[in-house]
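Residue-level listing of the chains:
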Amino acid sequence: MVDNDIRVQTGFVSEKSRPWLIRVVLGAAILAFVGLSIIPIFSAIRDERQAATPASPETTTVTEAKKSELQSQEKGYEAVLQREPENQAALQGLLQTRLQKIQAKTGEVKDVIDPLQKLSQLDPGRAEYKILLAQAQQQVGNQEEAAQNYQSILAAKPGEIQALQGLVALRLQQQQPETAVQILQKTLDTAPQINQTQPGSVDVPRVQLLLGEVYALQQRYDQAISTYDQIIAADKNDFRPVLGKALIYREQGNRNVSKSLFDAAVSLAPAQYKDRIKQIAAGSPTPPVNRQEFSPQE
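A. Inspection of the overall build of the protein chain at higher detail. If you tally the helices and strands in the protein chain, you get 15 helices and 0 strands. Classification of the 298 residues of the protein chain by burial places 49% in the buried group. For the protein chain, the share of sequence-separated contacts (at least 6 apart) that also reach a separation of at least 24 residues comes to 58%. Accessible area for the protein chain stands at about 14800 Å²; split by element, carbon and sulfur atoms hold 47% of it.

B. Spatial organisation of helix 15 (residues 271-282). Relative to the 16 Å expected for 12 residues at 1.5 Å per residue, helix 15 spans 18 Å between its end C-alpha atoms, a close match to the ideal helical length. Count one or two residues on from helix 15 and you reach Gly-283, which has phi positive near 70 degrees.

C. Region of interest: helix 9 (residues 161-173). In this model, helix 9 (13 residues) spans 18 Å end to end at C-alpha, consistent with the 18 Å of a helix rising 1.5 Å per residue. Counting buried positions along helix 9 yields 13 of 13 residues, so the element is predominantly enclosed.

D. Structural context of the nonpolar core. If you look at the biggest cluster of nonpolar residues, it comprises 37 residues, and the most contacted ones within it are Tyr-150, Leu-164, Val-168, Leu-184, Val-207, Val-214 and Ile-248. Contributing elements (two or more residues each) for this core: helix 7 (127-139), helix 8 (143-156), helix 9, helix 10 (177-197), helix 11 (204-217) and helix 12 (221-234). Ranked by residue count, the leading element in this core is helix 11, at 8 residues.

E. Focus on the packing of helix 9 against helix 10. Interaxial distance between helix 9 and helix 10 falls to 7 Å at its minimum, and their mutual angle equals 160 degrees. Between helix 9 and helix 10, the crossing angle belongs to the class labelled roughly antiparallel. The two elements helix 9 and helix 10 cross, and the hand of that crossing is right-handed. Here Leu-164, Leu-167, Val-168, Arg-171 and Leu-172 of helix 9 lie close against helix 10, whose contacting residues are Pro-177, Thr-179, Ala-180, Ile-183, Leu-184 and Thr-187.

F. Just the pattern of salt bridges, in detail. With the rule as written, the count across this model stands at 12 salt bridges. For Asp-114, the salt bridge is made with Lys-118, and the minimal N-O distance between the two is 3.3 Å. Here the residue Asp-114 and the residue Lys-118 both occupy positions in helix 6 (residues 113-122), the gap between them amounting to 4 residues, near one helical turn. We classify Lys-118 as partly exposed; its relative accessible area is 32%. What you see here is one network of salt bridges that share partners, running through Glu-74, Glu-78, Arg-98 and Lys-101.

G. Highlighting unusual backbone geometry. For Gln-175, which is not glycine, the phi torsion reads 60 degrees and is therefore positive. Turning to its location among the elements, Gln-175 is positioned in the loop between helix 9 and helix 10. Residue classification places Gln-175 among the exposed positions, given a relative accessible area of 61%. Non-glycine residue Gln-219 carries a positive phi angle of around 60 degrees.

H. How the structure looks around the packing of helix 5 (residues 88-103) against helix 6. Closest axis-to-axis distance for the helix 5/helix 6 pair is 9 Å, and the angle between their directions is 145 degrees. The interaxial crossing formed by helix 5 with helix 6 has left-handed handedness. The segment helix 5 lies against helix 6, with Gln-88, Leu-91, Gln-92, Leu-94, Leu-95 and Arg-98 engaging Pro-115, Leu-116, Lys-118, Leu-119 and Leu-122. Among the residues forming the contact of helix 5 with helix 6, the class breakdown is 7 nonpolar, 2 polar and 2 charged.

Criteria and thresholds
The numbers attached to residues start from 1 for each chain and follow its sequence in the written order. For a predicted model such as this one, the threshold for reporting local features is a pLDDT of at least 70, and the threshold for listing and counting side-chain atom pairs is 80 or more; totals across whole chains, interfaces and linings nevertheless cover every residue. Water and hydrogen atoms were dropped before computing side-chain values, which therefore reflect all heavy atoms in the structure. Runs of H or I in DSSP of at least four residues are treated as helices and runs of E of at least two as strands, each being numbered from the N terminus. Between buried and exposed lies partly exposed: a residue is buried under 20% and exposed over 50% of the maximum accessible area for its type, with that area taken using a 1.4 Å probe on protein chains only. In this description, contact between two residues means that some pair of their heavy atoms is separated by no more than 4.5 Å. Each accessible area is a Shrake-Rupley result for a 1.4 Å probe, and residues are judged covered by the shown protein chains and nothing else. Multiply 1.5 Å by the residue count of a helix minus one, and that product is the helix's expected span. The nonpolar core is taken to be a set of buried Ala, Val, Leu, Ile, Met, Phe, Trp, Tyr and Cys residues, with the residues joined through side-chain atoms within 4.5 Å. Convention adopted: a line fitted to C-alpha atoms gives each axis, helices being fitted over their contacting stretch, and angles between N-to-C directions are expressed from 0 to 180 degrees. Under this scheme an angle from 65 to 115 degrees is roughly perpendicular, one under 35 degrees roughly parallel, and one over 145 degrees roughly antiparallel; angles in between are oblique. Each helix crossing is assigned a hand: it is left-handed if the near helix lies turned anticlockwise from the far helix by less than a right angle, otherwise right-handed if that turn is clockwise. A carboxyl oxygen of Asp or Glu within 4 Å of a side-chain nitrogen of Lys or Arg is what we treat as a salt bridge. Each residue is assigned to one class: nonpolar for Ala, Val, Leu, Ile, Met, Phe, Trp, Tyr, Cys and Pro, charged for Asp, Glu, Lys and Arg, and polar for all the others, Gly among them.

Below, the structure written as structure tokens:
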């Protein structure tokens, strides 16, 4: 299966190393608990390459051998596709190989667009391909093509959280925060009707958490807190909005309220998240946040 290879873990890096990224004030910690990241996977691959330490001669030899292996695999898949252009197994293999080539510094993001386009056409019910296609298009500068792909997914599945997150991230990247807010607010406004006909289609708390994050990124803290309070009113045991409020109050310099909220978030959180929240509360160095770290299993 291609899934595990595509789902590259993403981390937050500095604005200097990713110039297009909006300035993140509270983003890393909150988005970790929302289960979302506003960073396309291909940027993550690029940053991993840039951060890599120089390889030893032995490591270089292994890397060169791997590069040769990937090139051979790519040619093999291409040969199959010349005979069978719609062979999905070959397209998946080609996609995997080209993603690995990007990691090995021998491939380009643009190289994955063609197999992703074909896979999304052959399997239109699988939103994952189109989401990845949109991310790749965004990364190479085709922003409106990316937006169209996100929008087409949301037209069919209004609650598809990864597409929603991608479109919001794109609009933030384009310095259109009000558009991002409108997208999320429209999703929330239509959620009751959608969930009535298709139960569970829109995960309202996750959309609200993302809306709160967008407000926080714009330093619209009152609106962010109000959004988090709506989640808390619906579920007093959800630690994520409590954490979001704690971060906002800390950003505003209200340490007493912030500490109380951090303590409450630790108390409410499942055991596997408690230490991570304590690290965030202490402001101690933490590893990069990846978008799956705290998200519900889907």
